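Now for the letters of each chain:
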Amino acid sequence: MAAPKSWRRLVYSVYTPVLTGLFTRISDRLFRTRNRRRGSSVLLLAPLLAEADPSPLPVFRSPGSTGVQGTDGLRARFRWMAEHVPAFKVPGTHIHILTSPDQFYHTMKARIKTAKRRVVMASLYLGTGPLEQELVDCMQEALERSQEGDNPDLQVSILLDYTRGSRGQTNSRTMLLPLLQQYSSQMRVSLYHTPDLRGLLRLLVPQRFNETIGVQHIKAYLFDDDLIISGANLSDSYFTNRQDRYVLLENCGEVADFFSDLVGAVGDVSLQLQTDNSVSMMYGMVHPYRGNRDDFSASARKHIMEVVNTARARQHIAESERLVRESEGEEGGKEDTWVFPLVQMKPLGIQVDEQVTQRLLTDAGPGATVFLTSGYFNLTRAYMSLVLGLGADYRILTASPEVNGFFGAKGIAGEIPAAYIHIARQFYSKVCQLGQQERVHLHEYHRAQWTFHAKGLWYYLRGQVRPCLTLIGSPNFGYRSVHRDLEAQIAIVTENQVLQAQLQEEQEMLYQRSTEVSSSTFQQPDRHVKLWVKLLTPLIKNFF
């Protein structure tokens, strides 16, 4: 049942920690008896509003993993990642950096049309325009072709966020329903629902704002054994004039299998779209907002970490077999690149990406250079303390106000770019206070009629002119990415000089459209931030 209009207007206008605390106490009282019988329905927004301990997590270290310079020591330097996540060894020639939204879009369409076994797509949402319909038509064409034989092998699995994918009358669900109805045995649509949106919070918070509580944010697009990892969603602007990052891994079966299993595991703990546009949970799975919150998170974590741990065990066996073959005189393969999948799902108790990112920033000592980019510059306290407190040089790229995705939006959303101006100014002031201007540089991306959504980093060892490591995927290095949403990215470590050159060109392409921030930047008339926006910025940092 929908919330009364007056209540919805109240929540919309005074969505504050004070009100949240009140709702929490009311919810505790109303549902206490029910909770004892059926599990918690208590509102959880108050804990979500609190920033975590700003201290960095404990750093994982292994002997001999630091201080190695040059490409000859890359494997030794980054071997510690394999202690916590799978390490897939692939030829660098199989990895290609895509550079434009148009290339990303047409690559997906071409791969969908030729897929024979599987199409697996994870995104925040699927848009509803003509370009998105063309993607759906490509899926239909592939499914039709698969049924021309006696054994329709092609399986299509789509994972989206429930709240974002259900927004409005025409939405992601209605876009996919015809395919689901026609190919129900070959088609699966899963809609992840955060366990933190429940009780009175779920009842009262309106559409669009309910997405701020937490979403499925992974962006992985898989076609047989080819995989695209990106930060881009399946929407028209991401296909035309919204700059992101995209990496294509061709014929990398083990990596593709991992992400297929990962998306499948998240899908298993998500709501399943039915042919009548209703949703239901798989048998035996805990419901995300009707069931007990702790039970759901524990069950989901176990299900998802089984994928990670199984892949790790498989990789350890493969590595042992490789070492035996090499000891017997067999030549090694041409794999010169390692792919480490990093998963962050803090609502489910999974924080691998956070741990690895902190370790990378911790190990980036004097002489190293890190180029870090985010469409929404909002470093967590832990990341900020590492950037400001360590010896590497940092070049941080973020959106200028006019290319921020919220620029020109209606209502309070239209003030979000101003909040990011305030965040950037606070960060720059801190850099100046610490006397770090020569080491930490902040840049803004500019491009007329475009928006900026790229995220990730490029890691240069001391004395190297090309990056040996990149992080690419969905995380923005901000509070939401670490604490609220489901995220995934990959760390690519490569000795392949051609791939290193591609990464260097990608980094230069983005940064050449930027200007460096200085004290005069914030004196410009268009950088004025209203007082009420400044006051609300701490809240905005936690939700956008």
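Every value quoted in this text rests on a predicted model; they were computed, and no experiment measured them.

Scoring rules and cut-offs
Residues numbered from 1 in each chain as written. Predicted model: local features only at pLDDT ≥ 70, side-chain atom pairs only at ≥ 80, totals over all residues. Heavy atoms only, no water. Helix = DSSP H or I, 4+ residues; strand = E, 2+ residues; numbered from the N terminus. Buried < 20%, exposed > 50% of the residue type's maximum accessible area, 1.4 Å probe, protein only. Areas by Shrake-Rupley, 256 points an atom, 1.4 Å probe, with all protein chains shown as cover. pLDDT = per-residue confidence, 0-100. Contact = heavy atoms within 4.5 Å. 1 Å grid on protein atoms, 1.4 Å probe; cavity = no way out; pocket = protein on both sides within 12 Å on 5 of 7 lines; lining within 4 Å. Points joined across faces, edges and corners; volume = space filled by probe spheres on them. Nonpolar A, V, L, I, M, F, W, Y, C, P; charged D, E, K, R; others polar. Phe/Tyr/Trp six-rings, centres within 6.5 Å; stacked < 30°, edge-to-face > 60°. Polar contact = N/O pair within 3.5 Å; in protein donor to acceptor, adjacent residues only side chain to side chain. Salt bridge = Lys/Arg side-chain N within 4 Å of Asp/Glu carboxyl O.

1. A look at the overall build of the chain
Point 1. Across its full length, the chain holds 18 helices and 21 strands.
Point 2. In the chain, buried positions account for 58% of the 544 residues.
Point 3. Carbon together with sulfur atoms contributes 51% to the accessible area of the chain, which is approximately 22500 Å² in total.

2. Looking at the confidence of the model for the chain
Point 1. For the chain, the mean per-residue pLDDT works out to 87, and 85% of the residues sit at or above 70.
Point 2. Per-residue pLDDT stays below 50 along residues 1-54; that stretch engages in 94 contacts with residues further than four places along the chain or on separate chains.

3. Points about empty space enclosed by the protein
Point 1. Within the structure shown, the criterion is met by 3 cavities of 30 Å³ or more.
Point 2. Lining the largest cavity we find 13 residues, and of these Thr398, Ala399, Pro417, Tyr420 and Ile421 sit closest to its centre.
Point 3. Where the lining of the largest cavity is concerned, the elements lending two or more residues are strand S15 (393-399) and helix H15 (416-433).
Point 4. Split into classes, the residues belonging to the lining of the largest cavity amount to 7 nonpolar, 4 polar and 2 charged.

4. Considering the packing of aromatic side chains
Point 1. Counted according to the given criterion, the structure contains 15 aromatic pairs.
Point 2. Seen in terms of ring centroids, Phe377 and Phe427 are 5.0 Å apart; in terms of plane orientation they differ by 80°. Their pairing is edge-to-face. Placement of the pair is Phe377 in the loop between strand S14 (369-374) and helix H14 (381-389) and Phe427 in helix H15, with a sequence separation of 50 residues.
Point 3. For Phe427, a relative accessible area of 2% gives the class buried.
Point 4. Relative to Tyr511, the ring of Trp458 has its centre 6.2 Å away and its plane inclined at 80°; by these criteria the two rings are edge-to-face. You can see Trp458 sitting in strand S18 (residues 456-460) and its partner Tyr511 sitting in helix H17 (residues 497-511), a full 53 residues away along the chain.

5. Some words on the environment of Ser520
Point 1. For Ser520, the location among the structural elements is in the loop between strand S21 (514-516) and helix H18 (531-543).
Point 2. At 2.8 Å, the side chain of Ser520 forms a polar contact with the side chain of Ser518.

6. With respect to the layout of surface pockets
Point 1. Taken as a whole, the largest pocket spans an internal volume of roughly 1100 Å³.
Point 2. What lines the largest pocket is a set of 38 residues, among which Arg164, Arg167, Glu211, Tyr376 and Phe406 lie closest to the centre.
Point 3. Sorting the residues of the lining of the largest pocket by element identifies helix H10 (236-240), H15 and helix H16 (479-483) as the ones contributing at least two each.
Point 4. Ranked by the residues each element gives to the lining of the largest pocket, the list is headed by H16, at 3 residues.

7. Examining the pattern of salt bridges
Point 1. Within the structure shown, the criterion is met by 16 salt bridges.
Point 2. Ionic pairing is found between Arg164 and Glu211, a salt bridge with its closest N-O pair at 4.0 Å. Of this pair, Arg164 sits in helix H7 (residues 162-165) while Glu211 sits in the loop between helix H9 (199-204) and strand S6 (220-223), and the two are 47 residues apart along the sequence. Comparing Arg164 with Glu211 shows no difference in burial state: the two are buried.
Point 3. The structure contains a network of salt bridges with shared partners spanning Arg117, Arg118, Asp225 and Asp257.

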